[in-house]
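In case you want the letters, here they are:
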Amino acid sequence: MDLLKLTKEVWETYFLAKKQKTLDMMEILDPECIIIGTGKHEFYKNIDEFAKALAVEVEEREDIQFQFKDFWCEEKKITSDVSLVYGGIYIWWESEDKSIYINMDSRFSFLYKKVGEDWRLIHIHQSMPNMEQLNGEYYPKTLSNQIRKSQEKINILTNLARRDSLTGLMNYRTFEEVFTTIEKNGTWLFVMDLDDFKHINDTFGHMAGNNVLQKMAGVLTSAVRSHDIVCRMGGDEFILLCNDLSDRKDVGELLQRLLKSVADGGKNEKAWPGISIGGTAVLEGETLEAAFQRADSALYTVKTHGKNQYMIV
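Residues numbered from 1 in each chain as written. Predicted model: local features only at pLDDT ≥ 70, side-chain atom pairs only at ≥ 80, totals over all residues. Heavy atoms only, no water.

1. What about helix α8 (residues 248-265)?
An ideal rise of 1.5 Å per residue puts 26 Å on 18 residues; α8 measures up with 26 Å between its terminal C-alpha atoms. Of all the positions in α8, only Val251, Gly252, Leu254, Leu255, Leu258, Leu259, Val262 and Gly265 are classed as buried. Projected down its long axis, α8 carries its buried residues within an arc of 165°, all on one side. Away from its buried face by more than 90 degrees, α8 exposes Lys249 and Lys260. You can read the cap of α8 off the contacts: a side-chain oxygen lies 3.1 Å from the backbone nitrogen of Lys249, and it is on Asp247. (Helix = DSSP H or I, 4+ residues; strand = E, 2+ residues; numbered from the N terminus. Expected span 1.5 Å × (residues − 1). Buried < 20%, exposed > 50% of the residue type's maximum accessible area, 1.4 Å probe, protein only. Arc of directions from axis to C-beta. Polar contact = N/O pair within 3.5 Å; in protein donor to acceptor, adjacent residues only side chain to side chain.)

Set out below in structure tokens:
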């Protein structure tokens, strides 16, 4: 028997024929034929299951007149009484009012087995190609790429959730989480406030103010050590957390360097503020609120006694 011709007849009957002829096609299917279609729930373990679904489908598509745009198939003999036919089918249809358009390009495999003098279909599998798959690219690679892109997007979103949207620095919510995990011995907390920042916004506009905040974030990050943490608390306030500072002399040298870096950063800027800093050593076991209150109190003293300097307590 010409199984290639038979395969084409099966597809043409399935897509083009009316109800009775479509049901007659069932005679070629083995009673235990397993059928896997392109739909989410199209999995039939025997001819009875498929027959029920097919009867409903034929009724629903009574007015549809599918047209074949392409069809091909090839045969691979497995044994003398088992043969595999595989190929592709491309059909389309459009309703008169153009509200429904079908354009389906799929792949299939038929497994035939000779039973007595007749050939019977014992397995049918139809699938839709992945449209994102490149020529010569295997499908899991495409899936892997999708997973990688999804993970990258998740990482980006996670990073955004932990960062201040304007400056890119760690946000205060994340800073609170980090504070609970650090070793407190030798750690210092500094609260920094830009001097007369409101004047910059009022004189040059809020866009200029945003540019100042962004550049200030870069200056502060460059001035401290790589393992120190710079956070934007909000508005024009920043927080700096440093560990491994052995004594107040180390602290003073760090803050002098910080003040100089800020001053140098504004040499070519038409609008640039100074910075006031209040700092305190973090005590073992104390909360962020307790340490912050001391540093903020020192900052207030600086702001009321000349600004653009620091005080540690």
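The discussion continues.
2. Concerning the sheet that holds strand β5 (residues 101-115)
Pairing within the open sheet is mixed, and its six strands lie in the order β2-β1-β6-β5-β4-β3. For this open sheet the edge positions go to β2 (43-44) and β3 (67-79), each flanked by a neighbour on one side alone. Of the pairings in the sheet, the one linking strand β1 (residues 29-36) to strand β6 (residues 118-127) comprises four bridges and is parallel in character. Bridge pairing in β6 links Leu29 to Leu121. The strands touched by helix α1 (residues 3-16) are β3, β4 (82-94), β5 and β6; relative to β3, the strand with the most contacts, the crossing angle is about 140°. (Pairing = 2+ DSSP bridges. Contact = heavy atoms within 4.5 Å. Axes fitted to C-alpha atoms, helices over the stretch in contact; angles between N-to-C directions.)

3. Quick notes on the sheet that holds strand β10 (residues 237-242)
The strand order across the open sheet formed by six strands is β7-β9-β10-β8-β11-β12, and the pairing between neighbours is mixed. This sheet does not close on itself; its edge strands, each paired only once, are β7 (170-171) and β12 (310-312). Relative to β12, strand β11 (residues 275-281) is paired through three bridges, and the arrangement is parallel. From the neighbouring strand, Gly278 faces β12, where its bridge partner is Met311.

4. With respect to the packing of aromatic side chains
Tallied over the full model, the rule gives 15 aromatic pairs. When the ring of Tyr14 is compared with that of Phe15, the centres are 4.9 Å apart and the planes differ by 75°; the resulting orientation is edge-to-face. By the burial criterion, Tyr14 is buried, and Phe15 matches it. Here Phe71 and Phe108 contribute two aromatic rings whose centre-to-centre distance is 5.8 Å and whose plane-to-plane angle is 20°, an arrangement assigned as stacked. Taken together, the residues Phe71 in strand β3 and Phe108 in strand β5 connect sequence positions 37 residues apart. Neither Phe71 nor Phe108 differs from the other in exposure class; each is buried. One aromatic cluster in this structure is built from Trp11, Tyr14, Phe15, Phe66, Phe68, Phe71, Phe108, Phe110 and Tyr112. The ring of Phe179 carries the charged tip of Lys184 above its face, separated from the ring centre by 4.9 Å. Across the ring face of Trp272, the terminal group of Lys215 is positioned such that the distance to the ring centre comes to 5.9 Å. (Phe/Tyr/Trp six-rings, centres within 6.5 Å; stacked < 30°, edge-to-face > 60°. Lys NZ or Arg CZ within 6 Å of the ring centre and 35° of its normal.)

Such coordinate-based values are descriptive only and should not be taken to indicate function.
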